[in-house]
Amino acid sequence: MSTPTSLGSLTFRPLDPLSDAELVHSWVTHPKAAFWLMQDARLQDVEREYMAITAHPHHHALIGLHDGEPAFLMEHYDPRHVELVGLYEPLPGDVGMHFLVAPTDTPLHGFTRAVITAVMEKLFADPATARVVVEPDVANTAVHALNKAVGFEIAGRIAKPEKDAYLSFCTREQFRTAQAREAAAR
């Protein structure tokens, strides 16, 4: 699936835990990725983490490409089996999501918004996906604004072992409404 944007084409490929580990390690240990909670991870830690994700039947990792070059990371998961087990009552069609834009010395205005939009489009391209679920750290104000811009609504605060988070949901309709609102504003 390719998402053309005014900033270029965004595509996805499966993450290879061995060949992508060095690249992903540089992303998740960068200061801008503090909310990814892997600041002190060693290369072997990243390899191990993504080998486990790749082997898990309910958790998937993808490398996002910008005009063919690695530029972001996306994970999606079934919250009935991963990440949010026991923290809320999942509905049929719920899909959990994480994304991380690679650090860069030459940021493109609007790129992160284009990435989250492409991620949401990819998730909703599956007709079985009814609602996307996220659980960002309560202190991550930048991602809260991005989530709101694409249609997420905060349902409440939850305590995870590693953080306090805002459990947030976005239905297909909420996403489409947010997209229409953005298009009308242009």
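Structure shown above.
Not measured: the values here are computed from a predicted model.

## Focus on the nonpolar core
Right, on to step 1. Met 97, Phe 99, Val 119, Met 120 and Phe 152 are the most contacted members of the largest nonpolar core, which has 26 residues in total.
Right, on to step 2. Of all the secondary structure elements, the ones that give two or more residues to this core are β2 (8-14), β4 (69-77), β5 (94-101), α3 (111-124), β6 (131-134) and α4 (141-149).
Right, on to step 3. A total of nine residues in this core trace back to one element, the largest contributor, which is α3.
Right, on to step 4. Discounting chain neighbours no more than four positions away, the residues touching Val 119 are Phe 12, Phe 72, Met 74, Met 97 and Phe 99.
Right, on to step 5. Core analysis: the second largest hydrophobic core is formed by 17 residues, Val 24, Val 28, Ile 63 and Ala 102 among them.

## What about α4?
Right, on to step 1. Inspection of α4 places Val 143, His 144, Leu 146 and Asn 147 among the buried residues, and these make up the whole buried set. Considered in projection along α4, the buried side chains sweep an arc of 165° and stay on one side of the axis. Opposite the buried face of α4, at more than 90 degrees from it, the exposed residues are Thr 141, Ala 142 and Lys 148.
Right, on to step 2. Taken together, the buried residues of α4 touch β5, α3, β6 and β8 (164-171).

Basis of the calculations
- Residues numbered from 1 in each chain as written.
- Predicted model: local features only at pLDDT ≥ 70, side-chain atom pairs only at ≥ 80, totals over all residues.
- Heavy atoms only, no water.
- Core = buried A, V, L, I, M, F, W, Y, C linked by side-chain atoms within 4.5 Å.
- Buried < 20%, exposed > 50% of the residue type's maximum accessible area, 1.4 Å probe, protein only.
- Helix = DSSP H or I, 4+ residues; strand = E, 2+ residues; numbered from the N terminus.
- Contact = heavy atoms within 4.5 Å.
- Arc of directions from axis to C-beta.

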